[in-house]
Amino acid sequence: MSKTNTGLVAYAKAQLGKPYWYGTFGNTSSYALYKSKKSQYPDNYRWDCKDNQPGTNPSKQLGVKVHDCVGLIKGYLWCDSAEGSPKYNSKQDVSANGMYSVCTRKGTITTMPEVPGVLVFMDHHVGVYIGDGYVIEAKGHKYGVVKTALKGRGWTKWGYCPYITYEEAPKKPTTQPTTKPSSSGKKTVAEIAKEVIEGKWGNGDERKKKLKAAGYDYNAVQKEVNKQLSSGTKKKSITEIAKEVIAGKWGNGATRKAKLEKAGYNYLEVQKEVNRLLK
């Protein structure tokens, strides 16, 4: 059975509201499992769990699937369905920090691509990014499996789980970049801004969509574009540009508009000056 990022997100959503038990990975909870895990990890089982008898299980801890943080990912990897039983795989049995270590594609949280199923990390903890700024995580025994906001939670890193296939990888720009990538594998905002000025990322909404798909902050890139344009050679006046437009140096129609905007000029202001000069 193929394991994918979208499948991981679906599995994580199916576990929302279920308990957190340290050292578990989609097991069905029972009093016997509780005693076994409490013996194995006494510091993580300081809470009491009575046998599943009437009136003794007020927190609904028994008879349901349970996970710890990295166990939420293992549960998906080792179960055939969201309600299935896990089949242990020692080759994939890693801790939260160990999971980050085996990610072959990863980086700091500020460089995270907008791809559901990306794993997010802080020290000794991992969650599953589900898109639209939210994460599902097995947060701890007090909380269980919950949905939390990505921002402000304290995540520091991201990574692609190496045991699944990512079906929604970031799109690449149609024109291959020519500048050398940074050591992290992702270009700097300054490098991307330079490519924007060169026209490699398109214009308007097309540019915005491409930058977002590739994991870049559109507003930050545009700010850098403006900075680079303003720090370059002194811009010509609107009147000078209007005269060049009349002379045919900026093309016509959509081509003219795109060239003017790329060069940092207000198309409407230039066109207004062109009309004035032609009167």
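Residues numbered from 1 in each chain as written. Predicted model: local features only at pLDDT ≥ 70, side-chain atom pairs only at ≥ 80, totals over all residues. Heavy atoms only, no water.

Residue-level account of the overall build of the chain, with values.
For the chain, the count of helices and strands is 10 helices and eight strands. Every one of the 279 residues in the chain was classed for burial, and the buried ones make up 43%. Sequence separation of 24 or more characterises 63% of the internal contacts of the chain that already satisfy a separation of 6 or more. Accessible surface, the chain: about 15,500 Å² in total, of which carbon and sulfur atoms supply 51%. (Helix = DSSP H or I, 4+ residues; strand = E, 2+ residues; numbered from the N terminus. Buried < 20%, exposed > 50% of the residue type's maximum accessible area, 1.4 Å probe, protein only. Contact = heavy atoms within 4.5 Å. Areas by Shrake-Rupley, 256 points an atom, 1.4 Å probe, with all protein chains shown as cover.)

Let's hear about the pattern of salt bridges: which residues, and what values?
Within the structure shown, the criterion is met by nine salt bridges. Taking the shortest distance from any N to any O, the salt bridge between Lys87 and Asp80 comes out at 3.7 Å. (Salt bridge = Lys/Arg side-chain N within 4 Å of Asp/Glu carboxyl O.)

Just give me the short version of the nonpolar core, but keep the residues and values in it.
Ile73, Met99, Leu119 and Val126 are the most contacted members of the largest nonpolar core, which totals 41 residues. Looking at this core, the elements that each hand over two or more residues are α1 (5-14), α3 (69-78), α4 (96-102), β4 (119-122), β5 (125-131) and β6 (134-140). For this core, the element with the most residues is α3, which contributes seven residues. Ignoring sequence-local partners within four residues, the contact set of Ile73 consists of Leu8, Met99, Leu119, Val126, Val128 and Cys161. Counting 10 residues, the second largest nonpolar core, distinct from the first, contains Ile192, Ala193, Trp201 and Val225. (Core = buried A, V, L, I, M, F, W, Y, C linked by side-chain atoms within 4.5 Å.)

Can you lay out the packing of helix α8 (residues 238-246) against helix α10 (residues 267-278) for me, pointing to particular residues and giving the numbers?
Packed helix pairs are specified by the crossing angle of their axes together with the interaxial distance, meaning the distance between the axes. Contact geometry for α8 and α10: axes closest at 8 Å, N-to-C directions at 70°. In terms of orientation, α8 and α10 fall into the roughly perpendicular class. The two elements α8 and α10 cross, and the hand of that crossing is right-handed. Residues Ile238, Thr239, Ile241, Ala242, Lys243, Val245 and Ile246 of α8 touch α10, and the partners they reach there are Glu269, Val270, Glu273, Val274, Leu277 and Leu278. (Axes fitted to C-alpha atoms, helices over the stretch in contact; angles between N-to-C directions. Parallel < 35°, antiparallel > 145°, perpendicular 65-115°, else oblique. Left-handed = near helix turned anticlockwise from the far one by under 90°.)

Everything listed here is a matter of coordinates, which is why it stays silent on function.
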